[in-house]
Amino acid sequence: MPRIARRPLLGGLAALAAPRPGWAQGTPPANELRLGALFPLTGSLALLGDESFRGLELAAEERNAAGGLLARPIRLVKGDAAGADQAVSELRRLQGVEKVAAGFGTCASHLGFAASQAAELLGFPYFELGAIADTITERGFRTLFRLCPRASDFARDSVAVIPDALAAAWSTPPEVLRIAILHEEGTYGQAVSGAQEAQLKARGLNQVERIAYPARSVDLSPLLQRLRAVGADVVLHTGYQNDIVLFYRGMKEAGWRPRMVIGAGAGYSLTDTARSIGPEFDGTLDVDFPQFAVNEALAPGAQGFAELYKRRYGSDPRSGHSLANYVGARLVLDAVQRAAGLERDKLRAALLATDVAEGTTPNGWGARFDEKGQNLRARPFLAQWQGGKLVTVAPAEAAVAPLRPVMSAPG
């Protein structure tokens, strides 16, 4: 199968810096190509939704600066997926009233699961850029393609660091360590924690507790008491920003914490989370989409994207989710151009023919889709908060700092 050439990031940056075509200013032209952008823009996930949208927006602006898609300017039409029901109604509105030709979203598993099902019923191309639950791509859908890794990938890497790095650093046999799983009870938390439990069992590690809680919880102190009672050495936590902040504040108030917390996903990588928690967050590990402190030999263009982001929005990126959405959207737009349109079967064939090697995009991902629409060349990296910065510590080829096997003492 021929390999699909990757457009260099620097070319994209140059295109964005160049004068825009006349249609990029003023009234949108009649031939614009309308694409849906379905993200949580209000509610507790709004920060992550906006960060994810920005990556898609930069990919669309890059394409427009280079002449458009299919010789037509892209116009992104937003839909607010603040909840699963709203994700469905907004997707239907985008496809019907707004007449968008395809949809992108959503950054959260419960939203992506619902939206992709609605898109399939409508025969509407839908591209998931950030939701990770394995079940999203396990339903045999024909209109769905996911650009990011799966929850099982997050689980594999979050568990592996315990015997592969922490046990040795602590001079402790891995099977002696007491490991607890803590997770929000929704689709996202269930997906990651279930796969983590299976990984722990397969590796013969000692799971002492698994605790689920509502993401809208306002007090996690009873859960902390349970974790403390079982003497958890390691806590594997899958949660959103608000409950992560509650978790760390609770540990500070209790004057207790495990030897290590390993987070999974965006809540643990948002700079706003670290800012809200403060120095106590230092040392925390996080398995997530590749972040910006990464070896550019594996992720060529990561810093170029960060600089572009800062020029466009006036601040540093808030997490690697903007970068992941940019990379994913760019891969899709390239496939649409090769398919010469958005006709379902031709577009599906173009996506299935995509063959982009890992280590050739700004976050290190490549692209090769299976029949379920899952990108098999997207993987999470392991990062750690060190001195207020989230730095990549594994895999070795992506790392810019060694893993530190200690967390900050509770304040």
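Quantities reported herein were computed from a predicted structural model and do not represent experimental measurements.

What counts, and at which threshold
Residues numbered from 1 in each chain as written. Predicted model: local features only at pLDDT ≥ 70, side-chain atom pairs only at ≥ 80, totals over all residues. Heavy atoms only, no water. Disulfide = S-S within 2.5 Å. Buried < 20%, exposed > 50% of the residue type's maximum accessible area, 1.4 Å probe, protein only. Core = buried A, V, L, I, M, F, W, Y, C linked by side-chain atoms within 4.5 Å. Helix = DSSP H or I, 4+ residues; strand = E, 2+ residues; numbered from the N terminus. Salt bridge = Lys/Arg side-chain N within 4 Å of Asp/Glu carboxyl O. Axes fitted to C-alpha atoms, helices over the stretch in contact; angles between N-to-C directions. Parallel < 35°, antiparallel > 145°, perpendicular 65-115°, else oblique. Left-handed = near helix turned anticlockwise from the far one by under 90°. Contact = heavy atoms within 4.5 Å. Pairing = 2+ DSSP bridges.

Caption draft 1: Geometry of the state of the cysteines. With the rule as written, the count across this model stands at zero disulfides. Lacking any disulfide linkage, Cys107 is separated from the closest cysteine sulfur, that of Cys148, by 10 Å. We classify Cys148 as buried; its relative accessible area is 0%.

Caption draft 2: Seen up close, the nonpolar core. Formed by 84 residues in total, the largest nonpolar core has its most connected members in Ile162, Phe247, Tyr248 and Ile262. Sorting elements by how many residues they give to this core places helix α5 (residues 151-169) first, with seven residues. Counting 48 residues, the second-largest nonpolar core is a separate cluster that includes Leu76, Ala102, Leu129 and Leu351.

Caption draft 3: Representation of the pattern of salt bridges in the model. With the rule as written, the count across this model stands at 27 salt bridges. A salt bridge links Arg93 to Glu90, with the nearest nitrogen and oxygen atoms 2.9 Å apart. Taken together, the residues Arg93 and Glu90, both in helix α3 (residues 84-96) and three residues apart, mark about one turn of the helix. Taking the relative accessible area as the measure of exposure, Arg93 reaches 26% and is therefore partly exposed. We classify Glu90 as buried; its relative accessible area is 15%. When the shortest N-O distance is used, the salt bridge between Glu371 and Arg348 registers 3.2 Å. You can see Glu371 sitting in the loop between α12 (344-352) and β11 (381-386) and its partner Arg348 sitting in helix α12, a full 23 residues away along the chain.

Caption draft 4: Layout of the packing of helix α11 (residues 321-339) against α12. Contact pair α11 / α12: the axes reach a minimum separation of 8 Å and the direction vectors enclose 125 degrees. Considering their axes alone, α11 and α12 lie oblique with respect to each other. As for the relative orientation of α11 and α12, their crossing is right-handed in sense. Together, Ala335, Val336, Arg338 and Ala339 of α11 and Lys346, Leu347, Ala350 and Leu351 of α12 make up the contact between the two elements.

Caption draft 5: Region of the structure containing the sheet that holds β11. Read from one edge of the open sheet, seven strands run β7-β6-β8-β9-β10-β11-β12, paired in mixed fashion. Each edge of the open sheet carries a strand with a single partner, namely β7 (206-213) and β12 (389-394). Each strand of the sheet is rotated relative to its neighbour by a mean of 25 degrees, with strand direction disregarded. Here seven bridges tie strand β6 (residues 178-184) to β7, and the two strands are oriented parallel to one another. Directly across from Glu184, in β7, lies its bridge partner Tyr213. Packed onto the sheet, helix α6 (residues 187-202) meets β6, β7, β8 (234-238) and β9 (260-264) and runs at close to 160 degrees relative to β6. Each of β6, β7 and β8 touches helix α7 (residues 221-229); the most contacted strand, β7, lies at about 175 degrees to it.

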